[in-house]
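# Examination of the molecular architecture
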Amino acid sequence: MSEFPTTARVVIIGGGVVGTSVLYHLARAGWTDCVLLEKNELTAGSTWHAAGNVPTFSTSWSAMNLQRYSTELYQGLAETVDYPMNYHVTGSIRLGHSPERMQEFERARGMGSHQGMALEILTPSETRDLYPFLELHDLQGALYDPADGDIDPAQLTQALAKGARDLGAQIHRFTPATGVSRDNGEWIVQTEKGDIRCEFVVNAAGYYAQRVGEWFLPHGGRRVPMMVMSHQYMLSEEIPELAEFAEQNGCKLPLLRDVDSSYYLRQEKNGFNLGPYERNCRAHWVNPDDPMPDDFSFQLFPDDLDRLEWYMEDAMARVPLLGQSGISRVINGPIPYAPDGMPLLGPMPGVPNAFEACVFTFGIAQAGGAGKVLAEWITQGETEWDCWALDPRRYTDYTDDAYCLAKGKEIYGYEYAMHFPWYEWPDGRDKKLSPVHEKVLELGGQMGAYAGWERANWFAKPGDDTSKESTQTWDRAGPWETRVREECEAVRDDVGVLDLPGFSRFNLSGEKSAQWLSGLITGALPKVGRMNLAYFADSRGRILTEMSVIRHGDDLFTLITAATAQWHDWEILKSALPEDGSIHLADYTTEYDTLIVTGPKSRDLMAGLVSDSADLTLPWLSNQTGVIAGQAVFLLRVSFAGELGWEIHAENADMPVIYDAVLAAGAKPFGMWALNSLRLEKGYRTWKGDLSTDYSVFEGGLDRFIKLDKPQDFPGKAAILAEKQRGITKRFVTLIVDAGAADAPYMSTLWHGGQIVGETTSGGWGYRVNASIALGMIRADLATPGTKLEVEIYGKPYPAVVQVDLPLWDPKNERLKA
Ligand SMILES: Cc1cc2nc3c(=O)[nH]c(=O)nc-3n(C[C@H](O)[C@H](O)[C@H](O)COP(=O)(O)OP(=O)(O)OC[C@H]3O[C@@H](n4cnc5c(N)ncnc54)[C@H](O)[C@@H]3O)c2cc1C
C-alpha cells in the first residue's frame with residue numbers, strides 16, 4: 001500500500017459510480033495524479049443497491065448525450081480495463097397510451113437518430129412480438145431502444161476503479177474527507193489520515209453532497225440545492241416461463257417501462273424487478289424528527305409496500321405473469337434529487353477550482369458521460385457538448401429547502417411525465433416576485449417560472465380555459481392562442497407592455513473598465529449614451545454568453561443578461577477581474593424591475609408620460625435617464641419584440657406607480673409567449689436555445705459582432721481566426737416551415753436529400769408574418785436562401801425553406817428605428 005498522499009492535482013470526495021467515473025476519465029486524460037476519497041467501501045452510497053438500468057432515452061439533448069456515451073463506454077469497458085462485468089443489453093420498450101405520448105416518443109426517436117442511435121417506434125403487435133407476455137389493452141404503440149439494458153452497478157464501479165488505478169490514480173477507501181480549507185490559491189482536503197493539498201476538488205458525495213457542500217460556504221459557496229427521496233423496487237420469486245423464455249431466445253426480455261402508469265418492469269435473473277415512481281412518494285431526512293444519519297453506508301429504509309400497491313396491480317394487469325409469483329425482496333434506498341431531477345455537474349457556483357458531480361437520480365446510466373464531462377471541465381475548462389441543463393449554475397438563490405423539497409417530490413412523482421410547452425408545473429412557485437406581481441395577476445396573467453421569477457406567459461380574459469387539461473398538448477392551438485395573437489397584434493398595431501422582472505444586471509466601473517471589457521468580448525463596445533449586444537466566446541470560439549452592454553460613461557457600464565444566466569455570467573466577469581481592485585463589479589439584479597413598452601404608438605404613449613428632460617427622438621440603441629409618474633427611470637431605446645419601443649428600468653419600489661401610469665395611458669399587457677413569437681420573427685436568439693457552446697460565434701451567424709482588428713486580444717480569437725481560414729461548416733438560418741398543428745420544438749432534426757443536415761434551435765408561430773418559423777443550424781453549403789429542407793416535427797416531415805438572412809418582420813428595421 002502506497003503512503004497516504006499529501007498532494008494531488010485533483011481530490012474527488014465520494015466513491016460511488018460517479019466519482020469513480022470522474023477519476024477514470026481524469027486518468028484517461030493523462031491526469032493520473034488524482035485521488036479519490038471514499039468514507040466507506042466503494043459503492044456504499046446509492047450505487048450498491050441501484051437497479052442498474054441504463055436507458056438512453058431523454059428529451060433533454062444533454063442528458064441523452066450523457067446516457068448515449070455511457071452505453072458506448074460500458075459496452076467495451078470490461079475488455080478495456082480487464083474487469084469482467086454483467087452488462088445485459090436487452091433493449092427496452094416504452095409503452096404509449098396516448099397520441100401525445102407517441103408524439104413524445106417520435107421526438108426522442110428523431111433526437112436519437114441525430115445522435116446516431118437506432119430508436120424505433122413499434123405498433124402494439126410488434127411490441128408483443130418482442131414481449132410475448134404483454135397485454136395490449138389501451139396501448140397505442142411503443143418506443144424501442146435497442147441500446148437500453150442493465151448493468152451490475154458495483155461491478156461497473158469496480159471496473160472504473162480498476163481502470164483508474166491501472167493508469168496511476170489513487171483510491172483511498174475508509175477515508176472520509178472531513179473538511180476543506182484554502183491556502184495560497186490551493187485546496188487542502190482534510191482527512192483523519194492527513195491533509196491533501198490539491199488544485200481542484202470535486203464534490204461527488206451523492207446524497208451527502210449538501211453536507212460536503214457546507215464546507216464550501218466560507219469560500220463563496222451556496223447550499224447545494226437537493227433533497228433525498230426514498231425509492232423502492234421489488235424483486236419477485238422465480239417464474240418458470242421467464243427461464244423458458246431465456247433458454248429459448250438466448251436473451252432476457254427487454255426492459256419494459258409503462259411511463260403513463262409510472263413504473264419499470266425488468267427481468268432480473270428468472271424473476272421480475274418492478275420499480276415504480278409513485279405519486280404518493282416519500283422524502284427522507286427533511287424534518288428534525290427524521291435527521292440524516294452521519295453514516296448510512298450500505299443501509300436501506302424499511303419496506304413501504306402500501307405506497308406501491310396501485311403500481312403492482314397495474315403491472316400485473318399489463319404482464320399477468322408477474323402475478324404468478326410472490327415478492328422475494330424489496331430494496332428501498334435513498335436517491336438524491338435536484339429540483340428539476342437533473343444532476344449537478346460542472347463548476348461549483350461561486351467557488352474557485354471546485355466542481356460538483358453529485359445529486360444523480362440516474363447515476364448508473366449517466367456516470368459514464370458524467371465522468372467525461374467533468375474531466376473536461378477540470379482539464380480543459382470547457383466541455384465538448386453544451387451541458388447547461390446539468391450545470392450547477394442553472395440555479396441561483398431561490399432554491400431554499402422548501403423549494404427543493406416541493407420540486408423534488410413533484411419531479412419524482414412525475415418522473416416519466418410529458419413536459420408540454422404550455423404547462424407550468426405548480427410546485428415551488430412564487431419564489432421571486434416582481435413589484436407589480438399582484439397587478440399582473442389582476443390583469444389575468446397566467447404565470448410561468450423563469451429562474452424562480454414569476455412572469456406572465458399570457459393574459460387570460462374572463463371565461464378563458466386556464467385548466468391543466470387544456471395544456472396537455474404539443475399543438476400550437478389552445479385557449480391561449482387567440483389571446484397570444486391579440487397580444488402580438490397589439491404590439492404590431494398599437495402599444496403593449498410586458499413586466500419583465502429578473503433581468504440579470506451588473507454594474508461595472510473603474511478606470512480602464514472599457515479596455516478590460518473589450519478584452520473579454522468578441523466585438524466592439526458601444527459609445528457613451530448607447531448600448532449594444534456583446535458576445536463572449538470560449539477558447540474554441542464557441543458562444544459562451546451574450547450580454548447587453550449599456551454605456552453610461554467612458555468607464556461606466558451596466559451589463560444586462562438573461563435571468564437564468566445570473567450566476568453563470570457573474571462568474572465569467574468576476575473571474576476575469578484584475579487582482580488590483582481597479583475595476584468594480586456589482587450585482588443589482590434584485591433591486592430593479594423592467595417594463596418593455598413597445599409598438600408603433602409607444603412614442604406617443606411615452607411622450608405623455610416622461611418628463612421633458614428625456615428626449616424620445618434619441619435613436620435606436622440609445623440610453624438615457626428620465627422621470628415617469630414622479631419616479632426616476634432609466635430608458636433604453638430597444639425592443640426584443642422588434643417594434644418601436646423602450647425598456648423602462650426602475651427601482652422596485654418605484655415600479656408600481658410607473659406600471660399603473662403605462663397601463664392608464666393605454667398600453668396592453670402582453671406575455672412571454674407573445675414575446676417569443678415576436679422575437680422569432682426578428683431572428684433574435686435566446687441564450688441556451690439558439691446560442692450555446694454547441695456552436696461557434698461564426699456558426700451562430702454573429703459575424704457582425706466579431707471585431708478581429710480591435711487592439712485587445714480576447715478569449716477565442718485564435719480559434720475564431722482559425723475557423724475563418726478553415727471555413728465555417730455550419731450556419732444559423734431562419735426557416736419558414738409548412739408546419740401542421742405543432743411548430744418545431746428545440747432540437748427537431750433537419751433533413752435534406754435523405755440526410756440529417758442540422759437541427760432547429762427554437763421554433764414557433766409568427767403572428768405578424770402568419771407563418772411557422774424555426775431557427776436552426778444547418779450544413780453551411782445549404783444555408784442559401786431558397787434551399788428546401790424537411791423538418792421532422794414529432795416524427796413527421798414538414799417542408800421548410802431557408803430564408804434570406806434578414807428578419808422576417810421589418811427586414812430593414814424601419815419600424816424599430818422609426
Ligand atoms: C432503489 C434505487 C434504484 C435505482 N436504480 C437506478 C437505475 O436503475 N439506474 C440508474 O441510473 N440509477 C438508479 N438509481 C440511482 C443511482 O443509485 C444513483 O443515481 C447513483 O448511485 C449515484 O451515484 P453517485 O456516485 O453520485 O452517489 P453514491 O453512490 O451515493 O456515492 C457517493 C459516495 O460518497 C461517499 N461519501 C459521502 N460523504 C463522503 C465524505 N465526506 N468523504 C468521503 N466519501 C464520502 C459515500 O459513502 C458514497 O459512497 C437507483 C437508486 C435507488 C435508490
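Owing to the predicted nature of the structure, the values given are computational and were not obtained by experimental measurement.

What follows deals with the overall build of the chain. Of the regular secondary structure elements, the chain holds 19 helices and 38 strands. Computed over the C-alpha atoms, the radius of gyration of the chain is 27 Å, within 12% of the 28 Å expected from 2.2 N^0.38 for a compact globule of 818 residues. Along the first, second and third principal axes, the C-alpha set of the chain runs to 85 × 65 × 60 Å. Residues classed as buried in the chain amount to 60% of the 818 residues present. Looking at the chain alone, contacts between residues at least 24 apart form 73% of all its contacts between residues at least 6 apart. Here the chain has roughly 30,200 Å² of accessible surface; of this, 50% comes from carbon and sulfur atoms. Across the chain, the 74 positively charged side chains and the 111 negatively charged ones have centroids separated by 6 Å.

This brings us to the sheet that holds strand 32 (residues 668–669). As summarised here, the arrangement of the 6 strands in space is 29-30-31-28-22-32, forming an open sheet in which the pairing is mixed. Whereas interior strands pair on both sides, the edge strands pair on one side only; in this sheet they are strand 29 (623–628) and strand 32. Contacting strand 22 (496–499), strand 28 (592–598), strand 29, strand 30 (631–636), strand 31 (645–651) and strand 32, helix 16 (residues 655–664) runs over the sheet at an angle of about 10° to strand 28.

This next bit is on the sheet that holds strand 34 (residues 749–752). Taken together, 6 strands build a closed barrel; the order of strands is 33-36-35-34-37-38 and the barrel is antiparallel. Averaged over all adjacent pairs, the angle separating strand axes in this sheet is 40°, with direction ignored. Its contacts with the sheet place helix 3 (residues 99–114) against strand 34, strand 35 (755–766) and strand 37 (788–793), and it is angled at close to 140° to strand 35.

With that out of the way, let us pick up the site of the ligand. In the vicinity of the ligand lie 36 residues, with Glu 38, Thr 47, Asn 53, Phe 360 and Gly 363 positioned nearest. Measuring from an oxygen atom of the ligand, one finds a backbone N or O atom of Gly 45 at 3.3 Å. Protein contacts shield 98% of the accessible area of the ligand, which totals 1,000 Å² for the unbound molecule. Taken together, the elements giving at least two residues each to the shell around the ligand come down to helix 1 (17–28), strand 12 (227–236), strand 17 (327–337) and helix 9 (363–380). Partitioning the shell around the ligand into residue classes produces 20 nonpolar, 14 polar and 2 charged.

Attention shifts here to the packing of aromatic side chains. This model, assessed by the stated rule, comprises 31 aromatic pairs. Geometrically, the ring pair formed by Tyr 277 and Phe 362 is tilted, given 6.3 Å between the ring centres and 50° between the ring planes. Of this pair, Tyr 277 sits in the loop between strand 15 (271–276) and strand 16 (283–284) while Phe 362 sits in the loop between strand 19 (354–358) and helix 9, and the two are 85 residues apart along the sequence. Since its relative accessible area comes to 4%, Tyr 277 is described here as buried.

With that out of the way, let us pick up the environment of Asp 33. Position of Asp 33 among the secondary structure elements: in the loop between helix 1 and strand 2 (34–37). Setting aside its immediate chain neighbours within four residues, Asp 33 contacts Thr 7, Ala 8, Arg 9 and Val 10.

It is worth spelling out the packing of helix 2 (residues 61–81) against helix 5 (residues 153–166) at this point. Close contact between helix 2 and helix 5 brings their axes to 10 Å; oriented N to C, the two are set at 50°. As summarised for this structure, helix 2 and helix 5 are arranged oblique, according to the angle between their axes. The chirality of how helix 2 crosses helix 5 is left-handed. Across from Leu 73, Tyr 74, Leu 77 and Val 81 in helix 2, the residues of helix 5 making contact are Leu 156, Ala 159, Leu 160, Lys 162, Gly 163 and Asp 166.

The next thing to look at is helix 1. An ideal rise of 1.5 Å per residue puts 16 Å on 12 residues; helix 1 measures up with 16 Å between its terminal C-alpha atoms. The element helix 1 is largely enclosed, with a buried count of 11 among its 12 residues. Along helix 1, the positions that sit buried rather than exposed are Val 17, Val 18, Gly 19, Thr 20, Ser 21, Val 22, Leu 23, Tyr 24, His 25, Leu 26 and Ala 27. Gly 30 sits one or two residues past helix 1 and shows a positive phi near 95°.

So, about the side chain of Thr 598. Tracing the chain through its elements places Thr 598 in strand 28. For Thr 598, a relative accessible area of 0% puts it in the buried group. Looking at Thr 598, its side chain comes within polar contact range of the main-chain oxygen of Leu 644, at 2.9 Å. Those residues in contact with Thr 598, other than ones at most four positions away along the chain, are Val 491, Asp 494, Val 495, Gly 496, Ser 639, Ala 641, Glu 643, Leu 644, Gly 645 and Phe 670.

Turning our eyes to something else, we now look at helix 2. With 21 residues, helix 2 should reach 30 Å at 1.5 Å per residue; the first-to-last C-alpha distance of 29 Å fits that figure. The largest bend in helix 2 comes to about 40°, at Gln 75. Within helix 2, 15 of the 21 residues are buried, which leaves the element mostly enclosed by the surrounding structure. Count one or two residues on from helix 2 and you reach Asp 82, which has phi positive near 60°.

Rules used in this analysis
- Residues numbered from 1 in each chain as written.
- Predicted model: local features only at pLDDT ≥ 70, side-chain atom pairs only at ≥ 80, totals over all residues.
- Heavy atoms only, no water.
- Helix = DSSP H or I, 4+ residues; strand = E, 2+ residues; numbered from the N terminus.
- Rg over C-alpha atoms; globule rule 2.2 N^0.38 Å.
- Buried < 20%, exposed > 50% of the residue type's maximum accessible area, 1.4 Å probe, protein only.
- Contact = heavy atoms within 4.5 Å.
- Areas by Shrake-Rupley, 256 points an atom, 1.4 Å probe, with all protein chains shown as cover.
- Lys, Arg positive; Asp, Glu negative; His and termini not counted.
- Charge placed at Lys NZ, Arg CZ, Asp CG, Glu CD.
- Pairing = 2+ DSSP bridges.
- Axes fitted to C-alpha atoms, helices over the stretch in contact; angles between N-to-C directions.
- Near = heavy atom within 4 Å.
- Polar contact = N/O pair within 3.5 Å; in protein donor to acceptor, adjacent residues only side chain to side chain.
- Nonpolar A, V, L, I, M, F, W, Y, C, P; charged D, E, K, R; others polar.
- Phe/Tyr/Trp six-rings, centres within 6.5 Å; stacked < 30°, edge-to-face > 60°.
- Parallel < 35°, antiparallel > 145°, perpendicular 65-115°, else oblique.
- Left-handed = near helix turned anticlockwise from the far one by under 90°.
- Expected span 1.5 Å × (residues − 1).
- Bend = angle between axes of the 7 residues up to and from the residue.

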